[in-house]
Amino acid sequence: SVSDLLASVIIRSACDSAMALAEYIGGSESDFVALMNKKAKEIGANNTVFTSSHGIYDSSSTPKTTVQDMVKIIEYALQFDTFKTLMGQTSYSYTKNGQTYSWKNINLLLDRPSARYYNANATGAHFGFHDKVTDTKNYGSYLIATYSAKGGNFLVITMGSKVNGDDNASFY
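To keep things clear, this report deals only with the structure shown in the data block. (Residues numbered from 1 in each chain as written. Predicted model: local features only at pLDDT ≥ 70, side-chain atom pairs only at ≥ 80, totals over all residues. Heavy atoms only, no water.)

## Points about the overall build of the chain
Along the backbone of the chain there are 5 helices and 5 strands. Listed by position from the N terminus, the elements making up the chain come as α-α-α-α-α-β-β-β-β-β. Taken across its 172 residues, the chain has 39% of its residues classed as buried. Contacts in the chain between residues far apart in sequence, at least 24 positions, make up 43% of those at least 6 positions apart. On the chain, roughly 9800 Å² of surface is accessible, and the fraction owed to carbon and sulfur atoms is 53%. (Helix = DSSP H or I, 4+ residues; strand = E, 2+ residues; numbered from the N terminus. Buried < 20%, exposed > 50% of the residue type's maximum accessible area, 1.4 Å probe, protein only. Contact = heavy atoms within 4.5 Å. Areas by Shrake-Rupley, 256 points an atom, 1.4 Å probe, with all protein chains shown as cover.)

Below, the structure is given as structure tokens:
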């Protein structure tokens, strides 16, 4: 279902699900990417150029964004309860044709309380790696995290972190 595909994109960064959603919503991935770029401009993310539905860089195109644009994009997305809920989920399961499928959010801020980077104030998180995230030479891992603490809500975005080991410790 669309809900299951969306969950796999937000919780597990599933590129195949992003492509399936793009084709379902836009008719083709390229038409969906055009919609993404149009929406980015509408919300003021004027330094962002998407080139795919999933964000993976390939040599035929160069996506770009800035931290400031990502703030605008994430603040826009956080207006939608489904996005906010999925971004904060630690796991997701569904059953189809008698088979159960499950995903675990691999972001260490949302992991079990005994985990090294767990933060009880984290309300949502997503991370990934891109060879070409920004229009600078500072490419690498990124982290988007939301927190609630001391009566306020906070959005934290890091980009360009160099990966140090399997747990991406450099951006926690």
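## Here's the deal with unusual backbone geometry
Within the chain, Ser 13 stands out as a residue other than glycine whose phi angle is a positive 55 degrees. You can see Ser 13 is positioned in the loop between helix 1 (2–12) and helix 2 (15–26). Judged by its relative accessible area of 35%, Ser 13 falls in the partly exposed class. Unlike most non-glycine residues, Lys 150 shows phi in positive territory, near 50 degrees. Positionally, Lys 150 belongs in the loop between strand 4 (140–149) and strand 5 (152–161).

## Focus on the pairing of strand 1 (residues 91–96)
Relative to strand 2 (residues 99–104), strand 1 runs antiparallel, the two being bridged by 6 bridges. Its bridge partner being in strand 2, Ser 93 is matched across the sheet by Ser 102. The antiparallel pairing of strand 1 with strand 2 creates a hairpin that spans 2 residues between the two strands, and Asn 97 there sits at a positive phi of about 55 degrees. (Pairing = 2+ DSSP bridges.)

## Observations regarding helix 5 (residues 81–88)
Among all positions in helix 5, only Phe 83, Leu 86 and Met 87 are buried. In an axial view of helix 5, the angular spread of the buried residues amounts to 100 degrees, which keeps them on one side of the axis. (Arc of directions from axis to C-beta.)

## Remarks on the packing of helix 1 against helix 5
For the pair helix 1 and helix 5, interaxial distance at closest approach is 8 Å and the crossing angle is 50 degrees. As the angle between them shows, helix 1 and helix 5 are arranged oblique. In the crossing of helix 1 with helix 5, the sense of the turn from one axis to the other is right-handed. Residues Leu 6, Ala 7, Ile 10 and Ile 11 of helix 1 form the contact with helix 5, whose own contacting residues are Thr 82, Phe 83, Leu 86 and Met 87. (Axes fitted to C-alpha atoms, helices over the stretch in contact; angles between N-to-C directions. Parallel < 35°, antiparallel > 145°, perpendicular 65-115°, else oblique. Left-handed = near helix turned anticlockwise from the far one by under 90°.)

## Side note on the packing of aromatic side chains
For any pair of aromatic rings, the description rests on two quantities: the centre-to-centre distance and the angle between the ring planes. One pass over the structure, following the stated rule, counts 4 aromatic pairs. Members of the aromatic cluster, connected to one another through ring pairs, are Tyr 92, Tyr 94, Tyr 101 and Trp 103. (Phe/Tyr/Trp six-rings, centres within 6.5 Å; stacked < 30°, edge-to-face > 60°.)

## Description of the nonpolar core
Counting 18 residues, the largest nonpolar core has Met 70, Ile 74, Phe 83, Leu 86, Met 87, Ile 144 and Ile 157 as its most contacted members. Mapped by element, the contributors of at least two residues to this core are helix 1, helix 4 (67–77), helix 5, strand 4 and strand 5. Here this core gets 4 residues from one element, more than from any other, and that element is helix 4. In contact with Ile 74, not counting residues within four places along its chain, are Phe 83, Ile 144, Leu 155 and Ile 157. Of all hydrophobic cores here, the second largest spans 8 residues; its members include Leu 109, Ala 122, Phe 127 and Tyr 147. (Core = buried A, V, L, I, M, F, W, Y, C linked by side-chain atoms within 4.5 Å.)

## What to know about the packing of helix 2 against helix 3 (residues 29–42)
Two packed helices can be described by the angle between their axes and the distance between those axes. One can describe the packing of helix 2 onto helix 3 by two numbers: an axis separation of 8 Å at closest approach and a directional angle of 85 degrees. By the angle between their directions, the pair helix 2 and helix 3 is classed as roughly perpendicular. Across the interface between the two elements, Met 19, Ala 22, Glu 23, Ile 25 and Gly 26 from helix 2 touch Glu 29, Asp 31, Phe 32 and Leu 35 from helix 3. Across the contact of helix 2 with helix 3, the residue classes break down as 5 nonpolar, 1 polar and 3 charged. (Nonpolar A, V, L, I, M, F, W, Y, C, P; charged D, E, K, R; others polar.)

Everything listed is a geometric property; what it means functionally is a separate question.
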